[in-house]
Amino acid sequence: MEHVLDIERATKRYKGFTLDQVSLQLPRGYIMGLIGPNGAGKTTLIKLILNLIHRDGGTIRVFGLDNLASEAEIKSRIGFVPDEPRFHDDATLQSVASAVAPYYTHWDSKRFATLAGEFELPLKKNFKKLSHGTKTKFALALALSHGAELVLLDEPTTGLDPVFRRRLLDKLAGLLEGERTSVLFSSHITADLERTADFVTFVKNGRVVFSNTMDQVAQSWVVVKGGRETLDADARAFLEGVRVRAHGFEGLTSQADEARRRFGNGYVIERASLDDIMVLFGKEGSNDD
Amino acid sequence: MRIIISNASRDPIYEQIARQIRAQILSGDLSEGELLPSIRKLARELQISVITTKRSYEELEREGYINTVSGKGTFVAAQNTEFLREKRMKAVEEKLAEAVDQARLLNVEPEQLAEMLRLLYTEEE
């Protein structure tokens, strides 16, 4: 399978935070969700792909090209929606679009006009007058107007209402229909990803916990619920995260079959949602946290 | 083609899709040679991932319900529906035999078993 994005042990060191040897592959024509709590390193990873920050180790290949050596070419084939879109405050949206267009070989002004209409963008308004949600819509219209083969979205759904979130997901699915474009989509609103993402990468504390197909994740991760008196040292050692409440415990594991063998009657075993995984993974389960 | 996906169902989404398409082929609602939507189109329609949709089609293809002709699309396979129905009936029979074995172990009377079956059947409706 051709990988549009191939990251090998990418590392970035900040004071007090390291994005540590992150590896992932995204094939052409698929959506990958990038999940993780705030501060996990999602934005850092996206910035590394675009070479917006200096990389301290590892390699990143986009469309088979080294992202440093072929930076300009790669960027003209990427559509990017940052978590905080920033353009010249006192420029109108129309003039921002005109200024951005020449950077892209395949800029499609008709497509931009169509999207601007569909997203109800106030093209004559100044950028600074826009709400956060409208800024995101504008960045999205730009990102989808130059035939990008890779679309990077950093927390695009924050600030968008459910109606537009649906529309965004439909737009992305529309891109995938052509089998040419891939999408990397970071979000902590995991409901958006649960159904539509083909692959999920979970990062926490700067490390990849897993990067797998959503199907595989849905099959292997389960939540075990039971009485707190039954949570012995063995069970704790087996579980990959546990939360203890007054009336029972919730534990997370990626070994669904083994969990069904170990925990029989008196326990509930349910498929873990991405939210469950994010909340429970690595939790020590000291009481009542 | 009509497909309804339940998020609350215990069955995985790919299985829900495969089951509904299978049922529509067996009932004749989808007929031989009919063109199915492409994997990516269906994924978009149902707002689910491409991989999940692909998995449903792969399962149906393995079971002989559909054929993919590269470059042309996915079609309902030419099939002997009588034969398919017989095959499915046999599967039903096997499952029932299993249930009968279990019931015997627990000394469940045939009438009681029949009643259980009747209740389950109407419950599912």
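Residues numbered from 1 in each chain as written. Chains lettered and ligands numbered in written order. Predicted model: local features only at pLDDT ≥ 70, side-chain atom pairs only at ≥ 80, totals over all residues. Heavy atoms only, no water.

1. Focus on the packing of aromatic side chains
Residue and element names in this part refer to chain A.
Okay, step 1: Under the counting rule described, the total for this entry stands at 15 aromatic pairs over all chains.
Okay, step 2: Here the aromatic rings of Phe 202 and Phe 210 are separated by 5.7 Å at their centres, their planes lie at 55°, and the arrangement is tilted.
Okay, step 3: The exposure class of Phe 202 is buried, given its relative accessible area of 0%.
Okay, step 4: Centroid distance Phe 263 to Tyr 267: 5.0 Å. Interplanar angle 70°. Geometry classified as edge-to-face.
Okay, step 5: Taken together, the aromatic side chains of Phe 87, Tyr 104, Trp 107, Phe 112, Phe 127 and Phe 138 make up a single cluster linked through ring pairs. (Phe/Tyr/Trp six-rings, centres within 6.5 Å; stacked < 30°, edge-to-face > 60°. Buried < 20%, exposed > 50% of the residue type's maximum accessible area, 1.4 Å probe, protein only.)

2. Focus on unusual backbone geometry
Residues and elements named next belong to chain A.
Okay, step 1: Positive phi, normally seen in glycine, also occurs at Gln 21, with a value near 50°.
Okay, step 2: Structurally, Gln 21 is set in strand E2 (residues 17-27).
Okay, step 3: For Phe 63, which is not a glycine, the phi torsion comes out positive at approximately 55°.
Okay, step 4: Mapped onto the elements of the fold, Phe 63 is located in the loop between strand E4 (57-62) and strand E5 (65-66).
Okay, step 5: On the basis of relative accessible area, Phe 63 is assigned to the buried category, the value being 10%. (Helix = DSSP H or I, 4+ residues; strand = E, 2+ residues; numbered from the N terminus.)

3. What to know about the domain arrangement of chain B
Residues and elements named next belong to chain B.
Okay, step 1: Its domain assignment divides chain B into domain 1 (13-76) and domain 2 (81-123).
Okay, step 2: One C-alpha centre belongs to domain 1, the other to domain 2; they are set 29 Å apart.
Okay, step 3: Facing the four residues of domain 1 at the interface are four residues of domain 2.
Okay, step 4: Between domain 1 and domain 2 lies a buried interface of about 370 Å² when both sides are counted; carbon and sulfur atoms form 63% of it.
Okay, step 5: At the junction of domain 1 with domain 2, the criterion picks out zero salt bridges.
Okay, step 6: Among the residues forming the side of domain 1 that touches domain 2, the class breakdown is three nonpolar, no polar and one charged. (Domains from an automatic or database assignment. Contact = heavy atoms within 4.5 Å. Buried area = accessible area lost by both parts, 1.4 Å probe. Salt bridge = Lys/Arg side-chain N within 4 Å of Asp/Glu carboxyl O. Nonpolar A, V, L, I, M, F, W, Y, C, P; charged D, E, K, R; others polar.)

4. Let's talk about the nonpolar core
Okay, step 1: Core analysis: the biggest nonpolar cluster contains 84 residues, and Leu5(A), Val62(A), Leu150(A), Leu184(A) and Ile277(A) have the highest contact counts within it.
Okay, step 2: Sequence-distant contacts of Leu184(A), that is, excluding residues within four places in its chain, are made with Leu5(A), Leu26(A), Met32(A), Leu34(A), Ile46(A), Ile49(A), Val151(A), Leu152(A) and Leu153(A).
Okay, step 3: Formed by 18 residues, the second largest nonpolar core is a distinct cluster that contains Ile3(B), Ala18(B), Leu30(B) and Leu36(B). (Core = buried A, V, L, I, M, F, W, Y, C linked by side-chain atoms within 4.5 Å.)

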